[in-house]
Every structure is written in C-alpha cells, then in structure tokens.
Amino acid sequence: MHPIRPPAVSGTWYPGSAAALASAVDAHLARADGAPRLETLTALIAPHAGLIYSGPVAAHAYRQLEGRAIDVVVLVGPSHFVGFDGVSIYRRGGFDSPLGVAPIDDGCAARLMSASSLIHEHPAAHVREHSLEMQLPFIRRILPHAAIVPLVVGWQTPEVAKELGRALAESLRGTRAVMVASSDLSHYESADAAHALDLQVVEAVEQFDPDALQDLLERNDRHACGGGPMVAVMRAARSLGARDAVVLNYADSGDVSGDKSAVVGYLAAAFGSVA
C-alpha cells in the first residue's frame, strides 16, 4: 500500500464535503474572468490562505489550466511548521481531499530525486503543511485526472532556490507538466504597508526576473512566505522555454474581511508564452 496523506485543514480552511467544496471552487472560477490566457503554460503562482480569502485570487491562476492537456502538476511550497535543509518530496501514494485522492506521479518524483541530492524524503514536513493542500481543490476540480508531485522547501536559501530550479527544469523537460509555486505575500501589515511591499514582488514577477525577486527576499523576508518556491519555479520556467510572465490578479485579505489594519497579500501569475 502506498501512503495516502490525509487532509490537514479540510473542514476548516476549506469546506469538508465534496459538494460544498466543488460549489465554492466553481464560484471562484466563475468570477475570475477577463484575465489574458497564455497560449502555452509552464508555471503558475497561486496563494494558499483559507479558501474564502485567497480563493478569489487563486482562481485567476487556475483558470489558465482549463482545457489543457496536463499530466502532472508539480507543487512547490514553503514549510510553515518544520525547519530542515533542502526540499522534502512526497514520492509515492497520494494526497487525499474531499474531491478525491490526487495520485503522486512516482516516476516524476524519482527523476527529481535523481536530479538533486537536495530533494529528499522528510515526511514530517508534509503532515501539517497547508501550502500544497490548498492547491488541491482547484487541481481536483479542473484536472481531476492529473497526478501531482508535492515539494516542500525547508530553509529558503538562494542556493536551494537555484538548485531546485535547475532540478525542476531537468526533470520536467519534454513532459506535459505545469509547476505551481505556492506563496502568500506580506503578512499582517496595514494595507498601505502591505501594498508597498507587495508591489515590489509583483514588479519582479511581471518582469520575469527571478534574480530581482531573490534580491528583494534577501533584503527583506517580509515580502513573501514562499519566496524561495517562487524563485525556483521562475528559474525552471525560464529554462523550460517560457518567454512571458503575466500578473493575473492581486488582492489582500481585507478585500474579503473588510479589515485593512492587518492584511495578507495574494498574487496570481502565469508563465509561458502569450502567443
């Protein structure tokens, strides 16, 4: 029996029943219209807060997946609870959700582990981690037959981001894969302060400049909780031939809660080719 990771935040961060979750995801997707659609898609950036808060932004990213032939979604997110070196991979089995089990592409996982010694098994990193789990409602709804490869980044050093980007590009070349960098932006700043911090990240993403983003993160770690995953995925996307970066949506938690005194920033972006 391959291990199936049970949900950690089902029923709290998102609805715990299949019907309620599908309805919530569909509602977010229906409202996320008007964004440009890339002709080819290599990677996404999507947030990972509670669905009611980050779902409206994440939906703009995930609409890019509609109608595409994608075999595997490689999820790259930060570790919020466990500190460790390198990148923890969930190499076989699946991730359960109210919308069913997302199976692991164990062949892709094996290639990633062979590509870099930084990518290894560290099961504790996945037990409570929500950064990848929060992507599953959209993936299971839009790509119910796609497999996943879950990657949780430990200490987010520039070296890890660079090596992970290289390993992703090497392992995914020639496959029908899309990468998702899971990250929220600034945390619990006033809306004005948050927007000032977040705009710098948005500009680096829009310019498709992972070096500029890495420099921002090195100067101020308040910019994003998943900055390392974003940098790694941007590097890999560039190596895999993506030419364009499109910022699809930006918002903060106060747009939902009405409280602008301490917000979390959310970004949706896509990398590929516009035409």
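Residues numbered from 1 in each chain as written. Predicted model: local features only at pLDDT ≥ 70, side-chain atom pairs only at ≥ 80, totals over all residues. Heavy atoms only, no water.

### Notes on the environment of Pro 98
Among the structural elements, Pro 98 can be located in the loop between strand 5 (94-95) and strand 6 (102-103). Looking at Pro 98, the relative accessible area reads 19%, which means it is buried. Note: C-alpha distance between Pro 98 and Ala 35 (63 residues apart in sequence) is 28 Å. Among residues more than four places away in sequence, those in contact with Pro 98 are Ser 10, Tyr 14, Pro 15, Gly 16, Ser 17, Ala 18 and Leu 21. (Helix = DSSP H or I, 4+ residues; strand = E, 2+ residues; numbered from the N terminus. Buried < 20%, exposed > 50% of the residue type's maximum accessible area, 1.4 Å probe, protein only. Contact = heavy atoms within 4.5 Å.)

### What to know about helix 8 (residues 210-219)
Among all positions in helix 8, only Pro 210, Leu 213, Gln 214, Leu 216 and Leu 217 are buried. Buried residues of helix 8, seen end-on, are gathered within an arc of 155° and therefore sit on one face of the element. Along helix 8, exposed side chains directed more than 90 degrees from the buried face belong to Glu 218 and Arg 219. (Arc of directions from axis to C-beta.)

### Digging into helix 2 (residues 51-62)
Spanning 12 residues, helix 2 covers only 13 Å between terminal C-alpha atoms, well under the ideal 16 Å at 1.5 Å per step. Among the 12 residues that make up helix 2, nine are buried, leaving the element largely enclosed by the rest of the structure. Listed in full, the buried residues belonging to helix 2 are Leu 51, Ser 54, Gly 55, Val 57, Ala 58, Ala 59, His 60, Ala 61 and Tyr 62. For helix 2, the secondary structure elements touched by its buried residues are helix 1 (18-31), strand 2 (40-46), helix 5 (136-142), strand 9 (177-182), strand 11 (244-252) and strand 12 (263-273). (Expected span 1.5 Å × (residues − 1).)

### Some thoughts on the sheet that holds strand 1 (residues 4-5)
Judged by pairing direction, the sheet is mixed, and its three strands sit side by side in the order 1-5-6 without closing on themselves. Each end of this open sheet is capped by a strand with a single partner; those strands are strand 1 and strand 6. Looking at chain direction, strand 5 and strand 6 are connected through two bridges and run antiparallel. Bridge assignment links Gly 94 to a residue of strand 6, and that residue is Pro 103. (Pairing = 2+ DSSP bridges.)

### Some points on the pairing of strand 12
Where burial is concerned, most of strand 12 is hidden: 11 out of the 11 residues are buried. Sheet analysis places strand 2 next to strand 12, joined by five bridges and oriented antiparallel. Each residue of the ladder has a partner; that of Leu 44, found in strand 12, is Ala 270. Where strand 10 (residues 187-189) lies against strand 12, two bridges are found, and the strand directions are antiparallel. Following the sheet pairing, His 187 is matched in strand 12 by Val 264.

### Digging into the side chain of Ser 183
Take Ser 183: it is sitting in the loop between strand 9 and strand 10. Reaching out from Ser 183, the side chain makes a polar contact with the backbone nitrogen of Gly 226 at a distance of 2.9 Å. Leave out the neighbours within four places in its chain, and Ser 183 touches Ala 46, Pro 47, His 48, Ala 224, Cys 225, Gly 226, Gly 227 and Met 230. (Polar contact = N/O pair within 3.5 Å; in protein donor to acceptor, adjacent residues only side chain to side chain.)

### As for the nonpolar core
A general trend in soluble globular proteins is that nonpolar side chains are found buried together. By size, the foremost hydrophobic cluster in this structure holds 49 residues, and its most contacted members are Tyr 62, Leu 65, Val 73 and Ile 148. At six residues, the largest contribution of residues to this core is made by helix 2. Ranked by size, the runner-up nonpolar core spans 47 residues in total, among them Val 87, Ile 89, Leu 216 and Ala 269. (Core = buried A, V, L, I, M, F, W, Y, C linked by side-chain atoms within 4.5 Å.)

### Here's the deal with unusual backbone geometry
In this structure, Tyr 188 is a non-glycine residue whose phi angle is positive, near 60°. Along the polypeptide, Tyr 188 turns up in strand 10. Residue Phe 208 is not a glycine yet carries a positive backbone phi of 55°. Position of Phe 208 relative to the elements: it lies in the loop between helix 7 (191-206) and helix 8.

### Section: the packing of aromatic side chains
Throughout the structure, instances matching the rule amount to three aromatic pairs. Between Tyr 62 and Phe 138, the ring centres sit 5.1 Å apart and the planes meet at 5°, which makes this aromatic pair stacked. Linking Tyr 62 in helix 2 with Phe 138 in helix 5, this pair joins segments that are 76 residues apart in sequence. Neither residue differs from the other here; Tyr 62 and Phe 138 are each classed as buried. Look at Tyr 90 and Phe 95: their rings are 5.1 Å apart centre to centre, the planes differ by 90°, and that puts the pair in the edge-to-face class. Judged on exposure class, the residue Tyr 90 and its partner Phe 95 are both buried. Cation over ring: Arg 5 sits above Phe 95, and NZ or CZ is 4.9 Å from the ring centre. When the ring centre of Phe 81 is taken as reference, the NZ or CZ atom of Arg 128 above it lies at 3.9 Å. (Phe/Tyr/Trp six-rings, centres within 6.5 Å; stacked < 30°, edge-to-face > 60°. Lys NZ or Arg CZ within 6 Å of the ring centre and 35° of its normal.)

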